[in-house]
Protein chains: 2
Amino acid sequence: MSRPGHMQPEQPTSVDDTLKSAAFLAKTLSDGNRLRILLFISGGRKSVSSIVEELALSQPLVSHHLKELKRSLLVKVEREGPFIYYELSDDRILDIVQTLSDIATDLLKARKTF
Amino acid sequence: MSRPGHMQPEQPTSVDDTLKSAAFLAKTLSDGNRLRILLFISGGRKSVSSIVEELALSQPLVSHHLKELKRSLLVKVEREGPFIYYELSDDRILDIVQTLSDIATDLLKARKTF
DNA sequence: TCAACATATAAGCAACCGTTTATATGGTCA
DNA sequence: TGACCATATAAACGGTTGCTTATATGTTGA
């Protein structure tokens, strides 16, 4: 059966819906500080305070960006005593950041060459 | 030699500068209509009016988005008579859009499962 | 030169974003 | 309980974004 009783009915997902989701993810990646945070926590789960120290950003600003990353499901959160650890939820995000960097570098280089 | 006389001096590019460029590209990808335009012109160079027709968007809106795509160097432009054709400048953009879509789909599926 | 077409630009607007400053929440340990 | 630490939230701000409506620019063919 394609729809067992205990599952939610699967609403058909249009191409446009998927593109909207992709655009939503891209928006989350569209801030330099958020990319720095993503790269930093890609080295293993990190507490908020360690991010604040490493990236030299204010604590509320880091909290705000982490909230955005969580909202787009790009990070997983774990509480451990008074500390809260953030972790990358999908490593393919790193590939995307890397490819975006490569493309940006190439496009700029090609423009200067003209 | 690392710096022949006819070349511009290469200013050192920091990791943060590269991340900023990547973030800038991501911002251009952060709108559903721009992604639709990119996918459409990935099938070969397209005139503005054909984009307007295919995507059912207003002509000024399409022009506006094309300007953004051009500003971030993601498209190349060619005039031919009264028509202006836009073309993808780097096919890796398609991989990125595809991967973003995949990740978005997986993250949403994983969330519903919990 | 003029009309018709293809595209770009300008002005305006509600909504959103990144950041700062200030304050609240929640956990730990004495 | 209360002081202390880690983190989150709220409010306010200037700046940006996506879109619409209206107008301008530029090309073609008569």
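Quantities reported herein were computed from a predicted structural model and do not represent experimental measurements.

Parameters and conventions
- Residues numbered from 1 in each chain as written.
- Chains lettered and ligands numbered in written order.
- Predicted model: local features only at pLDDT ≥ 70, side-chain atom pairs only at ≥ 80, totals over all residues.
- Heavy atoms only, no water.
- Pairing = 2+ DSSP bridges.
- Helix = DSSP H or I, 4+ residues; strand = E, 2+ residues; numbered from the N terminus.
- Contact = heavy atoms within 4.5 Å.
- Axes fitted to C-alpha atoms, helices over the stretch in contact; angles between N-to-C directions.
- Salt bridge = Lys/Arg side-chain N within 4 Å of Asp/Glu carboxyl O.
- 1 Å grid on protein atoms, 1.4 Å probe; cavity = no way out; pocket = protein on both sides within 12 Å on 5 of 7 lines; lining within 4 Å.
- Points joined across faces, edges and corners; volume = space filled by probe spheres on them.
- Nonpolar A, V, L, I, M, F, W, Y, C, P; charged D, E, K, R; others polar.
- Near = heavy atom within 4 Å.
- Polar contact = N/O pair within 3.5 Å; in protein donor to acceptor, adjacent residues only side chain to side chain.
- Least-squares fit on C-alpha atoms with pLDDT ≥ 70 in both.
- Phe/Tyr/Trp six-rings, centres within 6.5 Å; stacked < 30°, edge-to-face > 60°.
- Lys NZ or Arg CZ within 6 Å of the ring centre and 35° of its normal.
- Buried area = accessible area lost by both parts, 1.4 Å probe.
- Buried < 20%, exposed > 50% of the residue type's maximum accessible area, 1.4 Å probe, protein only.

Participant: Can you help me understand the sheet that holds strand β3 (residues 83–88) of chain A in this one?
Facilitator: Two pairing modes exist for strands in a sheet, parallel and antiparallel, and in both the strands are linked by backbone hydrogen bonds. Residue and element names in this part refer to chain A. Read from one edge to the other, the open sheet built from three strands follows the order β1-β3-β2, with strand pairing classed as antiparallel. Two strands in the sheet have a free side with no partner beyond their single neighbour: β1 (46–47) and β2 (75–80). Sheet analysis places β2 next to β3, joined by six bridges and oriented antiparallel. Looking across to β3, one finds that E78 is bridged to Y85. The sheet contacts of helix α2 (residues 32–41) involve β1, β2 and β3, and relative to β3 the element is tilted by about 95°.

Participant: Just to check I follow, could you spell out the pattern of salt bridges for this structure?
Facilitator: As a working rule, side chains carrying opposite charge can pair if their charged atoms are close by. Applying the stated criterion across every chain yields a total of twelve salt bridges over all chains. Each of R45, E78 and E80 of chain A takes part in one network of salt bridges that share partners.

Participant: How should empty space enclosed by the protein be read in this particular structure?
Facilitator: Take a probe with the size of a water molecule and roll it over the atoms, and the empty space left behind shows itself. Residue and element names in this part refer to chain A. Applying the stated criterion to the full structure yields one cavity of 30 Å³ or more. Of the volumes computed, that of the largest cavity is approximately 50 Å³. If you go around the largest cavity, the residues you meet are F24, K27, T28, R34, E68 and R71. Of all elements in the fold, only α1 (15–28) and α4 (59–71) reach the threshold of two or more residues within the lining of the largest cavity. The element contributing the most residues to the lining of the largest cavity is α1, with three residues. For the lining of the largest cavity, the per-class residue count stands at one nonpolar, one polar and four charged.

Participant: What am I meant to see in the protein's contact with DNA strand D here?
Facilitator: Neighbouring DNA strand D are 23 residues; S49, Q59, S63 and Y86 of chain A together with H65 of chain B lie closest to it. In the environment of DNA strand D, a phosphate oxygen lies 2.9 Å from a nitrogen or oxygen atom belonging to the side chain of R34 of chain B. Among the secondary structure elements, those contributing two or more residues to the surface near DNA strand D are α3 (48–55), α4 and β3 of chain A together with α2 (32–41) and α4 (59–71) of chain B. Broken down by class, the residue content of the surface near DNA strand D amounts to nine nonpolar, nine polar and five charged.

Participant: Where do I start with the relation of the copies chain A and chain B in this structure?
Facilitator: Here the two chain copies are tied together by a rotation about an axis and a shift along that axis. Once turned by 180° and shifted 0.0 Å along the axis, chain A lies on chain B with an RMSD of 0.0 Å. Read as a symmetry element, the transformation amounts to a two-fold axis. Of all interface residues in chain A, 100% are interface residues in chain B too; the two copies therefore contact each other through one and the same surface.

Participant: I keep staring at the environment of R36 of chain A and nothing clicks. Help me out?
Facilitator: Residues and elements named next belong to chain A. Mapped onto the fold, R36 is located in helix α2. With 18 residues separating them in the primary sequence, R36 and E54 have C-alpha atoms 9.9 Å apart. Reaching out from R36, the side chain makes a polar contact with the side chain of N33 at a distance of 3.2 Å.

Participant: Can you walk me through the packing of aromatic side chains in this structure?
Facilitator: Residues and elements named next belong to chain A. Under the criterion given, the structure shown has two aromatic pairs over all chains. Between F83 and Y85, the aromatic rings sit 6.4 Å apart at their centres with planes inclined by 35°, giving tilted as the arrangement. One Lys or Arg, K46, reaches over the ring of F40 and ends 4.9 Å from the middle of that ring.

Participant: Explain the interface of chain A and chain B here, please?
Facilitator: Interfaces are frequently sized by the accessible area removed from exposure as the parts join. Contact with chain A, which involves 36 residues of that partner, is made by 36 residues of chain B. Carbon and sulfur atoms make up 78% of the area that chain A and chain B hide from each other, which totals about 3100 Å². Of all residues in chain A, L19, L100 and L107 of chain A bury the most surface against chain B, accounting for 18% of the area lost on that side. Put simply, chain A and chain B have four salt bridges between them. Counting every contact that joins chain A to chain B gives two residue pairs in polar contact (both at pLDDT 80 or more). Counting only elements with at least two residues in the side of chain A that touches chain B, the list comes to α1, α2 and α5 (92–113) of chain A. The element that contributes the greatest number of residues to the side of chain A that touches chain B is α5 of chain A, accounting for 15 residues.

Participant: Even after reading the chapter, I still don't get unusual backbone geometry, so can you show me in this structure?
Facilitator: For residues other than glycine, phi is negative in most cases, and the peptide bonds are mostly trans. Notably, L73 of chain A is not glycine yet its phi reads approximately 65°, a positive angle. Mapped onto the secondary structure, L73 of chain A falls in the loop between α4 and β2. Given the relative accessible area of 23%, L73 of chain A is considered partly exposed. Not every positive phi belongs to a glycine, and A56 of chain B is a case in point at roughly 55°.

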